[in-house]
Amino acid sequence: ALAGLAGRGRAEGEGALTPNSWEEITSYNNYYEFGTDKEDPKAYAGALTIKPWTVTIDGMVDRPGDYALEDILSKMTIEERIYRFRCVEAWSMVVPWNGFELADLLELAGVQSGARYVAFETLYRPEEMRGTAYPVLDWPYVEGLRLDEAMNPLTLLATGIYGKDIPNQNGAPLRLVVPWKYGFKSIKSIVRVTLTDKEPPTSWNKANPREYGFYSNVNPEVDHPRWSQATERPIGGGFFAKRQPTLMFNGYEEEVAALYDGMDLSKNF
Amino acid sequence: MIDWINSASRRLPPWLFYMVAPLPVAWFLYLGFTGGLGVEPIRALEHKLGELGLQILLLVLAITPLRRYAGLNLLRFRRALGLLAFFYITLHLLVWLALDVQILAQIWADIVKRPYITVGMLGFALMIPLALTSNNLSVRRLGKRWRKLHMLTYPAVLLGALHFVLLAKGFQIEPLLYLGAAVLLLALRLKKRSFGRLGTAGRARG
């Protein structure tokens, strides 16, 4: 169901973005369930079984339940979105994702009027995820968005890259992509989506609240306590890759800045 | 076995280390230019050099306990190993300055503002006088003060290991193992002090 491969994403100036290579996108990953080195996910995520895959949608929805991934996909139109991807570690890529809008999934489940947040959970299957033998984070990995962030048309659930199935190391079979936030918000291998009226806990915030906030919007003016966020190094430039300035909201300011009107972004980091 | 290593090591001239030292660097550069360091070679090179420097520093700290508790005598390599560690850590720093941060104004800001960089820089700074006084002339001139000065190795290694711990994201075991090894190797020295000089093997120079 790969419709609209050439379909335009909604980000301004997207046509100017040159995607990284398949090799770059799939061999330099943070997926701590498979190890903390960048090469670990590619080396070890092959152990992950992704068929069958079920996503539990629960909480404040009209139609809670266990949804088989193929049933979800049969109702979705897959389109291509070429997005900037900015890691909190100050490197970046451009990724041609394939996927559908999170809003469409939420519509499928029917969001109730009191819901204000969406919580996500990654699969936790120790026998297939060697990295979870270590308490690097409090497993399973969890993330969350405010409902208006979740409903924003930029927010994507990705199932592919370059028109191919998304590789395990990139979060197969279903991952979130929130292009104006640091990469760790884009939770991988999602097994649960919960609508709630309270701000849900998020893994990196639990691990180190001083360094990682709930919002984690890309912001060159708010540094990580241990490194500057003003610039980033694009992956793929070899030994002489030049740093480039990081853009406010990772270049998606026009689309999302209004979500944060009146908020102090240095406090709500 | 130990005797065999001891006698074999007597035939191994320390200058061999200086010949071998640049080889890993050349190897890393070759890997980096041919894709062997992955798609982000700058960070990989920086980490490999820092890790190698720290590993050699731990080896330097292990020489005295190895001699005292295992009878393994590698003393004659200590200077060469110390200089080797200094060489790799200097390159680690240069890669950070020239390839990684790139922006002069940001370098100083990072040094004063970011604890892991402050700690790493301090550790490096402590190694500079050690490298400068590693020659025979300095050993003779400084006499007893030379031994005292070279105790700076202890805080330098601790700071190096701490630097590694401070830059890890999440709870990671590997940097803690390095810090644990450094603390253990230093604790073995404390023990000698508090229990007095039981044997003659403890007195080491070099």
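Worth saying up front: this structure is predicted, and the values here are computed from it rather than measured. (Residues numbered from 1 in each chain as written. Chains lettered and ligands numbered in written order. Predicted model: local features only at pLDDT ≥ 70, side-chain atom pairs only at ≥ 80, totals over all residues. Heavy atoms only, no water.)

1. Considering the pairing of strand 4 (residues 91-101) of chain A
Residues and elements named next belong to chain A. As a reminder of what qualifies: Only protein chains enter the calculation, and the probe is 1.4 Å; a residue is then buried if its accessible area is under 20% of its type maximum, exposed if over 50%, and partly exposed in between. By definition, any uninterrupted DSSP run of H or I lasting at least four residues is a helix, any uninterrupted run of E lasting at least two residues is a strand, and each is numbered from the N terminus. Think of it this way: DSSP has to see at least two bridges between two strands before they count as a pair.
Among the 11 residues of strand 4, 11 are classified as buried, and the element is accordingly described as predominantly covered. In the sheet, strand 3 (residues 79-86) pairs with strand 4 via 8 bridges, with the strands oriented antiparallel. Looking at strand 4, one finds that Tyr 83 is bridged to Val 95. In textbook terms, the turn of a hairpin is the stretch between consecutive antiparallel strands, and for strand 3 and strand 4 this stretch comprises 4 residues, one of which, Ala 90, has a positive phi near 75°. Both strand 4 and strand 11 (residues 231-234) contribute to a ladder of 2 bridges, which runs parallel. Its bridge partner lying in strand 11, Ser 92 is registered against Pro 234.

2. Brief notes about the interface of chain B and chain A
The test is simple: Any two residues whose heavy atoms approach within 4.5 Å are treated as being in contact. Note on definitions: buried area is the accessible-area loss of two parts on being combined, 1.4 Å probe, summed for both. Counted as salt bridges are all cases of a side-chain nitrogen of Lys or Arg within 4 Å of a carboxyl oxygen of Asp or Glu.
Taken together, the contacts link 28 residues of chain B with 31 residues of chain A. Between chain B and chain A lies a buried interface of about 2,500 Å² when both sides are counted; carbon and sulfur atoms form 55% of it. Here chain B and chain A share 6 salt bridges between them. For Asp 100 of chain B, the salt bridge goes to Arg 233 of chain A, with nearest N and O atoms at 3.2 Å.

3. So, the UniProt feature "domain: Ferric oxidoreductase" (unreviewed entry) in chain B
Selection criterion: UniProt positions are given in the numbering used here, feature names are shortened, and annotations may be inferred rather than shown by experiment.
What UniProt calls "domain: Ferric oxidoreductase" (unreviewed entry) maps, in this numbering, to residues 50-160 of chain B. Helix and strand shares over residues 50-160 of chain B are 85% and 0% respectively, and the end C-alpha atoms of the span are 9 Å apart.

4. Considerations on the sheet that holds strand 2 (residues 65-68) of chain A
All names here are of chain A. This is how it is decided: Whenever a helix is involved, its axis is fitted only over the stretch in contact; in every case the axis is a line through C-alpha atoms, and angles between N-to-C directions fall within 0 to 180 degrees.
If you walk across this open sheet you meet the 5 strands as 2-1-10-5-6, and the pairing is mixed. Each edge of the sheet is formed by a strand with only one pairing partner; in this case those strands are strand 2 and strand 6 (142-146). Going from strand to strand, the sheet's axes swing by 20° on average, the running direction of each strand aside. Where helix 4 (residues 102-109) meets the sheet, it contacts strand 1 (54-59), strand 2, strand 5 (117-122), strand 6 and strand 10 (190-196), and its direction lies at approximately 70° from that of strand 10.

5. Quick look at the pattern of salt bridges
Two side chains bearing opposite charge may form a pair once their charged atoms approach each other closely. Residues and elements named next belong to chain A. This structure, assessed with the given rule, holds 23 salt bridges over all chains. We note a salt bridge from Lys 38 to Glu 89, for which the minimum N-O separation is 3.0 Å. Residue Lys 38 is found in the loop between helix 1 (22-27) and helix 2 (40-44), and its partner Glu 89 is found in the loop between strand 3 and strand 4; the two are separated by 51 residues along the sequence. Residue classification places Glu 89 among the buried positions, given a relative accessible area of 11%. With a closest N to O distance of 3.9 Å, Glu 121 and Arg 192 form a salt bridge. Here Glu 121 is found in strand 5, whereas its partner Arg 192 is found in strand 10, with 71 residues between them in sequence. Note on Arg 192: relative accessible area 30%, which makes it partly exposed.

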